[in-house]
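Read off the chains here:
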Amino acid sequence: MSEKFTAKVWVLGDDIDTDIIIPTEYLALKTVEDMKPYAFSPLRPELAGQIQPGDIIVAGKNFGCGSSREQAPEIIKALGIRCVVAKSFARIFFRNAINNGLLLIENPNIQEAVKEGDQVEVEINHCIRTADGEFPIASLPQNLVDIINAGGLVKAMRKRNGLD
């Protein structure tokens, strides 16, 4: 997974919980596609409609905290977000995101180095390049890379077992 991509940045703060990502009242909708317009609505009602496929979110610490809601990473992925870069992630959100094929990158300094609308280059498992410099990122273990590349855990296991 040593690919590069350029993306527009959407900046969020600390402690973006799963109730902000997708509020409880919208979980009753039938599909993730139905829920998608309400993503981040308690914080920024317009955001879901502005995000374009390939964009990234850059956030602070503890992204994805709150209830263990698998729809949260599913909706972020459905919006077309290429990856989420944050200072830290809630552990259950991290695992749910990987299981749904959403790339997460931890970096303690990137949030202060970008502003909303900036273009950054992400070189997966290597660094993030901004107008102000290069920010190294840790490599993900190969088993997690395989899951992300397959599009999620179920797809990775189907591939591994010769079902797809």
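Model, not experiment: these values are computed from the prediction. (Residues numbered from 1 in each chain as written. Predicted model: local features only at pLDDT ≥ 70, side-chain atom pairs only at ≥ 80, totals over all residues. Heavy atoms only, no water.)

Caption draft 1: Spatial organisation of empty space enclosed by the protein. One pass over the full model with this rule turns up one cavity of 30 Å³ or more. In this model, the largest cavity occupies a volume close to 30 Å³. If you go around the largest cavity, the residues you meet are Thr 18, Gly 64, Ser 67, Ser 68, Arg 69, Pro 73, Ile 92, Phe 93 and Asn 96. Ranked by residues supplied to the lining of the largest cavity, first place goes to helix α5 (residues 91-99) with three residues. Of the residues that constitute the lining of the largest cavity, the class distribution is three nonpolar, five polar and one charged. (1 Å grid on protein atoms, 1.4 Å probe; cavity = no way out; pocket = protein on both sides within 12 Å on 5 of 7 lines; lining within 4 Å. Points joined across faces, edges and corners; volume = space filled by probe spheres on them. Helix = DSSP H or I, 4+ residues; strand = E, 2+ residues; numbered from the N terminus. Nonpolar A, V, L, I, M, F, W, Y, C, P; charged D, E, K, R; others polar.)

Caption draft 2: Spotlight on the pattern of salt bridges. On inspection of all chains with the given rule, the structure shows 13 salt bridges. A salt bridge links Lys 61 to Asp 15; the nearest nitrogen and oxygen atoms lie 3.7 Å apart. Pair noted here: Lys 61 is in the loop between β2 (56-59) and α4 (71-78) and Asp 15 is in the loop between β1 (4-11) and α1 (18-21), with a separation of 46 residues, a long-range link. The shortest N-O distance in the salt bridge between Arg 129 and Glu 121 comes to 2.5 Å. With relative accessibility at 24%, the residue Glu 121 sits in the partly exposed group. Among the ionic contacts, a cluster of salt bridges with common partners joins Glu 121, Glu 123, Arg 129 and Glu 134. (Salt bridge = Lys/Arg side-chain N within 4 Å of Asp/Glu carboxyl O. Buried < 20%, exposed > 50% of the residue type's maximum accessible area, 1.4 Å probe, protein only.)

Caption draft 3: View of unusual backbone geometry. Located in the positive-phi region is Phe 40, a residue other than glycine, with phi close to 65°. Of the residues examined, Phe 40 reaches a relative accessible area of 0% and is grouped as buried. Positive phi values are uncommon outside glycine, yet Asn 125 reaches one of about 65°. Tracing the backbone shows Asn 125 in the loop between β5 (119-123) and β6 (127-130).

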